[in-house]
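# A closer look at the structure
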Amino acid sequence: MITGQAHIMAGGPGQDQDGGTGVKLETRTKTQRPPLYKVLILNDDYTPMEFVVHVLERFFGMSHAQAFDLMLMVHKKGLAVVGVYSYEIAETKVALVMDFAQRHQHPLQCTMEKE
Ligand code: TYC
């Protein structure tokens, strides 16, 4: 976002940057970070543990050990954040996981929420 502000300056021509109108034009650039979204995996009673581990390795770039630990955490606690991404990346991950689970006929749920 660009915001411009005009300041009336004390002092006369020659000491400002505008050619002597007495109005300083200042441009401030505020760089806004894009909002981030958590991607969550939810526990259920039917999806095989090995399938969840595979999903975490395949779509979230985890090692087998990392994926196994996180899967167990979801199994015990009910859900866990598996990654934090921009809106578009989070949306894509959720869609890929949901599609992959559906194609294998597992009820695994993956959702996103604003951080
Ligand atoms: N609770 C499942 C079972 O006992 C395993 C599981 C873990 C399922 C994590 C989903 O997100 C999940 N087979």
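Residues take numbers from 1 onward in each chain, read along the sequence in its written order. Selection of residues for local features in this predicted model requires a pLDDT of at least 70, selection of side-chain atom pairs for listing and counting requires 80 or more, and totals for whole chains, interfaces and linings are taken over all residues. Heavy atoms from the whole structure form the basis of all side-chain values; hydrogens and water molecules are not counted.

## Things to note about the environment of Asp-45
Inclusion rule: Strands are runs of DSSP state E lasting at least 2 residues, helices are runs of H or I lasting at least 4, and numbering of each runs from the N terminus.
Here Asp-45 lies in the loop between strand 3 (36–42) and helix 1 (49–60). Once the C-alpha coordinates of Asp-45 and Leu-108 are considered, the two residues, 63 residues apart in sequence, prove to be 9.2 Å apart.

## With respect to the site of the ligand
For the record, the criterion: In these notes, residues near a molecule or strand are those with any non-hydrogen atom within 4 Å of it. A 3.5 Å cut-off defines polar contacts: any pair of N or O atoms within that distance qualifies, except that in protein one atom must be a possible hydrogen donor and the other a possible acceptor, and neighbouring residues in sequence count only when both atoms are side-chain atoms. Residue burial considers only the protein chains on display, and all accessible areas are found by Shrake-Rupley using a 1.4 Å probe.
In the vicinity of the ligand, the residues found are Ile-41, Leu-42, Asn-43, Asp-44, Thr-47, Met-49, Val-52, Met-71, Val-74, His-75 and Leu-108. Taking Asn-43, its side chain carries an N or O atom lying 2.8 Å from a nitrogen atom of the ligand. In this structure, Asp-44 approaches the ligand through a main-chain N or O atom, which is 2.7 Å from a nitrogen atom. Taken by itself the ligand offers 340 Å² of open surface, and the protein chains cover 89% of this. Contributing elements (two or more residues each) for the shell around the ligand: strand 3, helix 1 and helix 2 (64–77). Broken down by element, the residue count for the shell around the ligand peaks at three residues, all from helix 2.

## Here's the deal with the packing of helix 1 against helix 2
Condition: Fitting a line to C-alpha atoms yields each axis, with helices limited to the stretch in contact; the angle taken between N-to-C directions then spans 0 to 180 degrees. Any angle from 65 to 115 degrees is called roughly perpendicular, while one under 35 is roughly parallel, one over 145 is roughly antiparallel, and all others are oblique. Left-handed describes a crossing whose near helix is turned anticlockwise from the far helix through less than a right angle; right-handed describes the clockwise counterpart. The contact rule is simple, with two residues in contact once any of their heavy atoms fall within 4.5 Å. Three categories are distinguished: nonpolar for Ala, Val, Leu, Ile, Met, Phe, Trp, Tyr, Cys and Pro, charged for Asp, Glu, Lys and Arg, and polar for the others, with Gly belonging to the last.
Contact pair helix 1 / helix 2: the axes reach a minimum separation of 8 Å and the direction vectors enclose 125°. By the angle between their directions, the pair helix 1 and helix 2 is classed as oblique. Between helix 1 and helix 2 lies a crossing whose hand is right-handed. Contact residues: helix 1 offers Met-49, Glu-50, Val-52, Val-53, Leu-56 and Glu-57, while helix 2 offers His-64, Ala-67, Phe-68, Leu-70, Met-71, Leu-72 and His-75. Classifying every residue of the contact of helix 1 with helix 2 gives nine nonpolar, two polar and two charged.

## As for the nonpolar core
Let me state the cut-off plainly: Residue types Ala, Val, Leu, Ile, Met, Phe, Trp, Tyr and Cys, when buried and joined through side-chain atoms within 4.5 Å, form a set referred to as a nonpolar core. Throughout this description, buried means an accessible area under 20% of the type-specific maximum (1.4 Å probe, protein chains only), exposed means over 50%, and partly exposed covers the range between.
Ranked by size, the top nonpolar core spans 25 residues in total, and within it Leu-56 and Phe-60 carry the most contacts. Sorting elements by how many residues they give to this core places helix 1 first, with seven residues. Those residues within four positions of Phe-60 in sequence are excluded, and the remaining contacts are Val-39, Val-55, Val-82, Tyr-85, Lys-93 and Val-97.

## Observations regarding the environment of Thr-111
Of note, Thr-111 is situated in strand 5 (residues 109–114). On a C-alpha basis, the gap between Thr-111 and Tyr-37 in space is 9.9 Å, while along the polypeptide they are 74 residues apart. In this structure, Thr-111 is in contact with Lys-38, Val-39, Leu-40, Leu-42 and Val-94, ignoring residues within four places of it in sequence.

## Let's talk about the packing of aromatic side chains
What counts, and what does not: Any Phe, Tyr or Trp ring, taking Trp's six-membered ring, that has another such ring centre within 6.5 Å forms a pair; planes under 30 degrees apart are called stacked, those over 60 apart edge-to-face, and the others tilted.
Taken as a whole and judged by the stated rule, the model has four aromatic pairs. Pairing Phe-51 with Phe-100 gives two aromatic rings, centres 5.3 Å apart and planes at 15°, and the pair type is stacked. In this pair, Phe-51 sits in helix 1 while Phe-100 sits in helix 3 (residues 87–103), placing the two residues 49 residues apart along the sequence. Residue Phe-51 is classed as buried on the basis of its relative accessible area, which comes to 10%. By relative accessible area, which is 5% here, Phe-100 ends up buried. Ring centres 5.4 Å apart and planes at 70° place the aromatic pair Phe-59 and Phe-100 in the edge-to-face group. Residue Phe-59 is found in helix 1, and its partner Phe-100 is found in helix 3; the two are separated by 41 residues along the sequence.

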